Structures are given as C-alpha cells and as structure tokens.
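Residues per chain, in single letters:
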Amino acid sequence: MKQFFGKLAAVMLVICMVLPVFAGGNKESAAPAGPVTISMAYGAGASEAGAPPADWVVPGIVSEKLGINLELSMLPSAQGDQDIAISASGAANDLPDIFMVSREVWMTLVNQGLVASVDDMYAMMPNRTKTHYTEDSRTFTTVNGKSYGLADPGSIVKNEGLLIRKDWLDKLGLKAPSTIDELFAVMKAFTFNDPDGNGKADTYGYGAFLENTGALDYGLGRRLDPIMGAFGVEGPWNLSKNAAGLNVRKPEFYDAMVFLKKMVDEKVIDPNWMSYKKDDFRAAWKQGKFGVMREQNAAFAAEANYKAFDVNFPEGEWIVIDPPKGAGGKSSVGVYSPSYRIYAVSQKAADAGKKAKIAELLEWIASDGYYLVAYGQEGVNYKLDANGLPTATDTNLSFTKEGGIPYIQLKNLALYNGEVEMKIRYPTYTTATSKKQMSAYDVLVDMQSRKWTPCMGGDTLPKPSADLKRFLDQGLLEFLTGKRELTKDNWTSWVADFDKQGGTKWESDGLAAAKEKGLLY
C-alpha cells in the first residue's frame, strides 16, 4: 500500500476531478499465490493511545497462520478528518484493500464504482457472519440488491423494554396485558385498587417523562412509544416504502392521541410525567409510584441502579412484557436505528483477488483471534476469572490500563456486543436485601427479543427547525392537557398549521434524504 496519508494535501487536489465509474466493468481475479499483502485503514479503539507497538504479536500470527502480510494505517479520530482521508484516497484511486468509512462517504464511493460487492464474502466467514452481520446490518449496506460493505455492530440497540410490576399483578389477581385495552384496564387497577396494599391512593398505572431531545424522540418522546406502537405511529418517521413519512401526519396518530388523552383524563398516568426529568422518573419507580414503564436494561437492573428499589420493596418484582397490541395486531416497544462501523473492500483489492484473504483475516479475528484482538494476550493483557471471562491483570499492560490499550486497537473488529462482552459489562449479582439473582444482561436479551420497529438511519435525517420542533412538542401537550380540545376538526386544523410552519418541507426533505441514502425498506 502506498503511504495512505503522506501525500494527503496533494491528493486533495484530485477530489473534484471527474472519476470514472468502474462498477460492472471489472472482473475480479483469482487469489494471488504465496503471501498476500492486505492493507487496512482502521478506526482505533482509542486513537489517543497510538498505533499497536512493535512487539504486538498479531501481525506475526496472521503472517504465519494465514499467509497475510498485514499493513495497517490508523484513521484520524475525528469523523470529518476520516472522511477527508478516505475521500482523498478514493479520488486518487488509492483506497486501502479494506477500510473503515462513514456511510455518507461510503455511498459516494459505491456510486463511483470504487467499492466491491461483498455478498460472496459472507459465506467465506461463517462464524463472523453469524455473530457480526445481521439482516439489519446487511440491509444497511445494500444498494440495488447488492451488499457493498461489512457492517460491524456499534452501540447496543433495543436495550429498553416495557416493564410491569408482577407483584402488583399478583396482588390484584390480574394477568399481564397483551392488548392496548387490557393495558388500560391494568393501569386503572394499579391506580385505584391499592396494588401496594398500603391503604393510600398513591400509585399510578403508567410512568414516563418527556424524553424528546434525541434524533428519534420528537414530540412525546420514547417513553410513550409502547403506547404509540399499538397504533403504528411510534417514533417520528415511518421509513417503510409503502407508508414512508412523518407519523404525526398519519390518521392513526390522532387515534393514539385520543388514547393518551384518556390516560390523562382518567388519571392512570403519573400526573408528574410532563414535569419529570430523567432522574425524577427513575427515583419515582424506585419509590413505587407507578407499575408500568419503558426503561433501559442497565438503568433498571444494574446493581447500583436496582439497589434502592430492592431496599424499598424486597418483595417487589418487575418483569418485561410484550408491547400491547392494537388494531390489526400492531405493536412495538419503539423504533431503533442501529449504528454500524462499515468496513468496505476496495474494488481494486477485489480485482487483485484479495477478497478471500480479507475474509480469512476477518474470520480469524471473529474466531481463533477473538480474545487476542479484543483483550490482548492472556496473562499479559488479561486473565480469566472464575467464570472464564476476561478480567484486568495487575500490571499497566492490562487491557483496561493505559499501557495495554495500544495492544487492542483493532478491538472494534472483534467485538460485537456478544454474550462474553455483555456479561463482562453486566455481571450477574445477588441483591443485598431480597437476595434475588439479577442480571442486566439477561434483561437486555429479553428486551431485544420483543417486537421493535426498524428506523435505520432515521437519526441521520434532516432535523426540524427549532420553531417547528417547539410547535410540535407544545401542540401535542396542549391537546393532552386540555388547553386545546382534542377533536377531529381541531386536530386536522393543527396538522394543517404544522405543515404551514414547515412540516411538509421537513417531511419532503427527510424522505429525499432517506431515498438518497438508501434507507427506505
């Protein structure tokens, strides 16, 4: 590989040149004989720690075992600088054999024919494909029916769920609700039938707060998504091809608002939900204020977070349940937009017959090389605990310490939010008061198994103006508080005003961006 960054300034002069389109014109060659050089531009686990040291054993192992001469270039830590580097290299037709790339730059390179299809590589690396490349991730890198990128998982998705107080259900002789109407009946019982048995009217059915500052949390926010999901209008965007658009402009959104208004009017939702902040909300469920909520796995079940509830209610028990079904069987915990690290294979590498060797390298990282790449050398960078899980050593070379970090700079190519990683992050423990076995990892697995709505890339779509967002957020609350009467005519009029304020443009801009980025499914 030529020096990847050494002539960056000169290469930048080429960026604006018209590039030839190579797609479909290249015939990939057979794998070359003998040792194969694979150049890789990687995103470091911690770029500030520097490149892997000279005594890093991985290059020697892949050379001996795989016949691969691995040439590494660390990408800049800032996304903008990464984009410039990869774009410049693409403009000079000097892309590394495999490289990490943002989706925006990746799409440009795909359109220019500089990135190879990787559909045939999935079968070459069965272990890695099983653990790293889900249907969602392959969809994320599919253009015109072909996958042009290997999308490794980033942040944990679907890590929230609908929770209910099982001890309250048992006290009142109720079963877990499965429909939106059954949920309302349970919420009403939790509010008026003294589920905690203290003789006071101090409990409510549902608890929430206005978490509406994220890219997928406009309007009423994610805490009410299990309710909205019963009407098919969870989250701001619907990105399915047949019904794409803003959910607030759909007729079903009005039906969802009618249900929420009923919850407010009949006082089955904690009346403080509009004023609660996140900390207030979490303090409230630990104090037994309400019996149904959407909460995050660790915020609920991690030892430090569950402790207060365990002390206050040793006999208390929360369980994860399916989101309630509405008309037509619609249900969803909410929307999710997976984040991925895309690694692309250059068309030049494919033409040189290197795809099989790249696949062999990645498969090794996901199997025999997993612990070595993710945690370092056993006995040096990590040791195994009683459960067989990697844990810190007592020296500065531990994978958790400054001296050990350079040895695991490729860890993002190994890690995939799998069982070992999650058990390290969320260890099983025994609660101090009730002596229950708890695991935020088990809760996570349960939450992820429930029904969710994909909204891949929805968090990258254009955002509404500050004025339009304020109009949306305030308008919905005005209907729920009764400041504005919730009737069909008033709702239709409000949506028309929303469009005039910029709603129609926000939707059209968002759909255009979704189409351009290949996000409609």
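This one's a predicted model, so the numbers in the text were calculated from it and none came from an experiment. (Residues numbered from 1 in each chain as written. Predicted model: local features only at pLDDT ≥ 70, side-chain atom pairs only at ≥ 80, totals over all residues. Heavy atoms only, no water.)

A. Seen up close, the nonpolar core. Judged by nonpolar contacts, the single largest core of 63 residues is most densely connected at Phe-99, Val-101, Trp-106 and Leu-109. The element that contributes the greatest number of residues to this core is helix α15 (residues 355-366), accounting for six residues. Grouped together as the second largest cluster of nonpolar side chains are 56 residues, Ile-180, Phe-184, Met-228 and Leu-239 included. (Core = buried A, V, L, I, M, F, W, Y, C linked by side-chain atoms within 4.5 Å. Buried < 20%, exposed > 50% of the residue type's maximum accessible area, 1.4 Å probe, protein only. Helix = DSSP H or I, 4+ residues; strand = E, 2+ residues; numbered from the N terminus.)

B. The arrangement of the sheet that holds strand β7 (residues 160-165) in detail. Spatial strand order, β8-β11-β7-β12: four strands in an open sheet with mixed pairing. Across the chains shown, the open sheet's two edge strands, defined by having one partner strand only, are β8 (204-206) and β12 (318-321). Averaged over neighbouring strand pairs, the angle between their axes works out to 35° when direction is ignored. One ladder, built from two bridges, connects β8 with strand β11 (residues 290-296); its direction is parallel. Counted as the bridge partner of Tyr-206 is Val-292 from β11. (Pairing = 2+ DSSP bridges. Axes fitted to C-alpha atoms, helices over the stretch in contact; angles between N-to-C directions.)

C. Broad picture of the packing of helix α10 (residues 251-265) against helix α19 (residues 466-481). Where α10 meets α19, the closest approach of the two axes is 9 Å, and the angle between their N-to-C directions is 50°. The orientation of α10 with respect to α19, classified from their angle, is oblique. For α10 against α19, the interelement crossing comes out right-handed. Contact residues: Phe-253, Met-257, Leu-260, Lys-261 and Val-264 in α10; Leu-476, Phe-479 and Leu-480 in α19. (Parallel < 35°, antiparallel > 145°, perpendicular 65-115°, else oblique. Left-handed = near helix turned anticlockwise from the far one by under 90°. Contact = heavy atoms within 4.5 Å.)

D. Molecular detail of the pattern of salt bridges. Under the defined criterion, the tally for this structure stands at 28 salt bridges. Of the charged contacts in the structure, one is a salt bridge between Asp-167 and Arg-165, with a shortest N-O distance of 2.7 Å. Take Asp-167 and Arg-165: they sit in the same class, and that class is buried. One salt-bridge network, in which partners are shared between bridges, spans Glu-160, Glu-211, Asp-217, Arg-222, Arg-223, Lys-278, Arg-282, Arg-294 and Glu-295. (Salt bridge = Lys/Arg side-chain N within 4 Å of Asp/Glu carboxyl O.)

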